[in-house]
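Next come the chains, spelled out residue by residue.
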Amino acid sequence: MTFITRFAPSPTGPLHLGHAYSALLAHDMARSKDGVFLLRIEDIDQTRSRPEWEAQILNDLAWLGLNWPAPVMRQSDRMQTYSDALQTLWQRGLLYPCTCTRRDVAASASAPQEGAPLLGPDGIVYPGTCRPAPGTQPKGPMPADTALRLDMRAAERAIGAPPHFTETGASPKGETGRIQSDWEQVRQGIGDIALARSAMGTSYHLSVVLDDAAQSVTMVPRGADLFEATTIHVILQRLLDLPTPVYHHHRLIRDGEGKRLAKRDDARAISRYRQDGLTPALIREMLDMPHAPS
Ligand code: GLU
Ligand code: ZN
């Protein structure tokens, strides 16, 4: 089996140091294993994606010394695939429509008896307002213009065994190897995440899982901030009968004050370092990475 890694930027802002670290890591891993490094453009959010950002990101990655095979997969070309997968999940009674606004979710999650709302990988854990009672899953055609949520209780019944994957980096608790979640923790800490938003017809989670499978990705290096999202991805892989790659969660690149780098942090944009005359080798040094493999 060919070792295949990928870097999957969203063209919604500049490539910053943290992205460069992920990309270089994925690239170096592939080179050291005689594998393939792929690039994918995650542009499902058409309101925030810009061709200028995409061009700049590709340019910065090439400047860093990375190369990848063409054609580059782009998510906006794959909407039919995402909608087919939603149909499959819908027909199996795993989804339900949700008409709550963000404000509704915040209000019912912080009802006085509930205490502070729990935060999951997608923000406030959905309190289940629209969730159908077991056995009353909606039938009929899948509604097109509403958010669709994954019923985690139904997912648990469908999958049974708790989701697990192999970690070669480290979990936030420093664990490596076989990482297993438990369903209780999934229900409490992740909850019924939205797999489709009304304006988007898909979600980051659904797309990323279908794309990694379509590109036969075997290793996903990504920041530790996505560790919880990985559990969602493994659940979707089980439900959609897709292989689970190995995951490598890596340290987050922080600024001088130890703060996480936000996308908008232009001071850490690779383009700024380029303007300031830094070289790719110096960027690798700043990131504490070995020199480019030959
Ligand atoms: N587009 C995502 C990002 O930029 C990809 C992360 C991932 O799935 O590894 O954060
Ligand atoms: Zn709802």
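Above this text you will find the structure in question.
Read on for a plain summary of the structure. Numbers given to residues run from 1 along each chain, matching the order in which its sequence is written. Chain letters start at A and ligand numbers start at 1, both assigned in the order the entries are written. Restriction of local features to residues with pLDDT of at least 70 applies here, the model being predicted, together with a cutoff of 80 or more for giving and counting side-chain atom pairs; totals for whole chains, interfaces and linings are based on all residues. Just so you know, side-chain values use all the structure's heavy atoms and leave hydrogens and water out.

With water omitted from the atoms examined, metal sites may look incomplete; donors here are N, O and S atoms no farther than 2.8 Å from the metal, or 3.2 Å in the case of Na, K and Ca. The protein atoms that coordinate the zinc ion (ligand 2) are Cys-98 (SG), Cys-100 (SG), Tyr-126 (OH) and Cys-130 (SG), at distances of 2.0 to 2.3 Å. Each donor residue of the zinc ion (ligand 2) belongs to the same chain, with the gaps between them written as C-x1-C-x25-Y-x3-C. Here Cys-98, found in strand S4 (residues 95–98), pairs with Cys-130, found in the loop between strand S6 (123–124) and strand S7 (147–150); they are 32 residues apart in sequence, far enough to count as distant. Here a helix means four or more residues in a row that DSSP labels H or I, a strand means two or more in a row labelled E, and each is numbered from the N terminus.

Accessibility here uses a 1.4 Å probe with only protein chains present; expressed as a share of the type maximum, an area under 20% marks a residue as buried, one over 50% as exposed, and anything in between as partly exposed. With 5 of 6 residues buried, strand S2 (residues 36–41) lies mostly within the body of the structure. Relative to S2, strand S1 (residues 4–7) is paired through 4 bridges, and the arrangement is parallel. In the sheet register, Thr-5 faces S2, and the bridge partner there is Phe-37. Throughout, right-handed denotes a crossover for which the path from the first strand over the helix to the second runs clockwise when the strands point away from the viewer. Handedness of the S1-helix H1 (residues 17–32)-S2 crossover: right-handed. Two strands pair if DSSP finds at least two bridges between them. Sheet topology places S2 next to strand S3 (residues 73–74); 2 bridges connect them, and they run parallel. Each residue of the ladder has a partner; that of Ile-41, found in S3, is Arg-74. Tracing the backbone out of S2, into helix H2 (residues 51–63) and back to the parallel element S3 gives a crossover that is right-handed.

A molecule or strand has a residue near it when one of that residue's heavy atoms lies within 4 Å. Around ligand 1, the neighbouring residues are Arg-6, Ala-8, Ser-10, Glu-42, Tyr-204, Val-208, Arg-222 and Leu-226. A distance of 3.0 Å separates an oxygen atom of ligand 1 from a polar atom in the side chain of Arg-222. For ligand 1, the protein covers 80% of the area, taking 300 Å² as the surface of the free molecule. Three classes are used, and their members are as follows: Ala, Val, Leu, Ile, Met, Phe, Trp, Tyr, Cys and Pro are nonpolar, Asp, Glu, Lys and Arg are charged, and the others, Gly among them, are polar. Taken together, the residues of the shell around ligand 1 break down into 4 nonpolar, 1 polar and 3 charged. Side-chain atoms alone can form a polar contact between residues adjacent in sequence; in general such a contact is a pair of N or O atoms within 3.5 Å, and within protein one must be able to donate a hydrogen while the other accepts it. The Shrake-Rupley method, run with a 1.4 Å probe, gives the accessible areas here. Residue values count only the displayed protein chains as cover.

Looking now at the side chain of Arg-40. Residue position: Arg-40 is located in strand S2. What makes Arg-40 buried here is its relative accessible area of 0%. By definition, residues are in contact when any of their heavy atoms lie within 4.5 Å. Sequence-distant contacts of Arg-40, defined by excluding residues within four places in its chain, comprise Arg-6, Phe-7, Ala-8, Pro-9, Val-72, Met-73, Gln-75, Val-208, Asp-211, Asp-212 and Gln-215.

Within the open sheet, the 3 strands sit side by side as S4-S7-S10. Their pairing is antiparallel. One side of each edge strand has no neighbouring strand; the edge strands of this open sheet are S4 and strand S10 (194–196). Within the sheet, the average angular offset between the axes of one strand and its neighbour, ignoring direction, is 45°. Whenever a helix is involved, its axis is fitted only over the stretch in contact; in every case the axis is a line through C-alpha atoms, and angles between N-to-C directions fall within 0 to 180 degrees.

A separate point is the pairing of S7. What you see with S7 is no split at all: Ala-147 and Arg-149 on one side and Leu-148 and Leu-150 on the other are buried throughout. As defined by bridge partners, S4 adjoins S7 across 4 bridges and the pair is classed as antiparallel. Bridge pairing links Pro-97 to Leu-148 in S7.

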